[in-house]
Amino acid sequence: VERYLLGSALTGIISQRLARKLCDKCKRKRPTTNAERGLCSAFIGREILETYEAVGCPECNHGYRGRIAIQEVLSINQEVRDAISNNLRKDALRKLVYTKGTTTMLQDGLYKVLAGFTTMTELLKLVEIDDLNIQK
């Protein structure tokens, strides 16, 4: 597809991955590691001291029951549309998109970890390493 056609046709982009959801009956809190605290501080501006971990009970599968979506929604505004049409380089396009208030998949996942829906381990299995290099 030609870039100018793509830029004019898009109104939004949704990306999602399904994470295993913690079992509400057996999940338990544990202290966070330094790396987990640093990740939350850097990407969502919150310091956390505790997070949840999977335990396992007769009601679930090794501490997990069901799935939850980790998602990112990008609304295409005129600035982004023009950047796509003008063949802006990937790194410059990422900077433009992620400095305009878009909640990244990593950030959405961290909020869901804090809420006790999934674990940090599960989130880090789903989020690509490139996502850790985006602009905060």
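Residues numbered from 1 in each chain as written. Predicted model: local features only at pLDDT ≥ 70, side-chain atom pairs only at ≥ 80, totals over all residues. Heavy atoms only, no water.

### A look at the packing of aromatic side chains
Any aromatic ring pair is given by two values, namely how distant the centres are and how the planes are angled relative to each other. This structure, assessed with the given rule, holds zero aromatic pairs. A cation over an aromatic ring shows up here: Arg20 above the ring of Tyr64, its NZ or CZ 3.9 Å from the ring centre. The ring of Tyr52 has Lys27 sitting right over it, with the charged end atom 4.7 Å from the ring centre. (Phe/Tyr/Trp six-rings, centres within 6.5 Å; stacked < 30°, edge-to-face > 60°. Lys NZ or Arg CZ within 6 Å of the ring centre and 35° of its normal.)

### Notes on the nonpolar core
By size, the foremost hydrophobic cluster in this structure holds 16 residues, and its most contacted members are Cys40, Ile70, Leu106, Leu110, Met120 and Leu123. Within the residue set of this core, elements represented by two or more residues are helix H2 (34–44), strand S4 (64–75), helix H5 (105–114) and helix H6 (120–126). With ten residues, the next largest nonpolar core counts Leu10, Val80, Ala83 and Ile84 among its residues. (Core = buried A, V, L, I, M, F, W, Y, C linked by side-chain atoms within 4.5 Å. Buried < 20%, exposed > 50% of the residue type's maximum accessible area, 1.4 Å probe, protein only. Helix = DSSP H or I, 4+ residues; strand = E, 2+ residues; numbered from the N terminus.)

### Considering a nonpolar patch on the surface
Together, Val1, Tyr4, Leu5 and Leu6 make up a nonpolar patch on the protein surface, roughly 440 Å² of accessible area in all. Assignment of secondary structure puts Val1 in the segment before helix H1 (3–9). On the basis of relative accessibility, which here comes to 88%, the residue Val1 falls in the exposed class. (Patch = residues over 30% accessible without salt bridge, like charges linked within 9 Å, V, L, I, M, F, W, Y side chains within 5 Å. Areas by Shrake-Rupley, 256 points an atom, 1.4 Å probe, with all protein chains shown as cover. Salt bridge = Lys/Arg side-chain N within 4 Å of Asp/Glu carboxyl O.)

### Examining unusual backbone geometry
At His62, a position not held by glycine, the phi torsion is positive, near 55 degrees. With respect to the helices, strands and loops of the structure, His62 is situated in the loop between strand S3 (50–53) and S4. Take His62: its relative accessible area is 66%, and that puts it in the exposed class. Unusually for a residue other than glycine, Asn87 sits at a positive phi of about 60 degrees. By the element assignment, Asn87 lies in the loop between helix H3 (78–85) and helix H4 (90–98).

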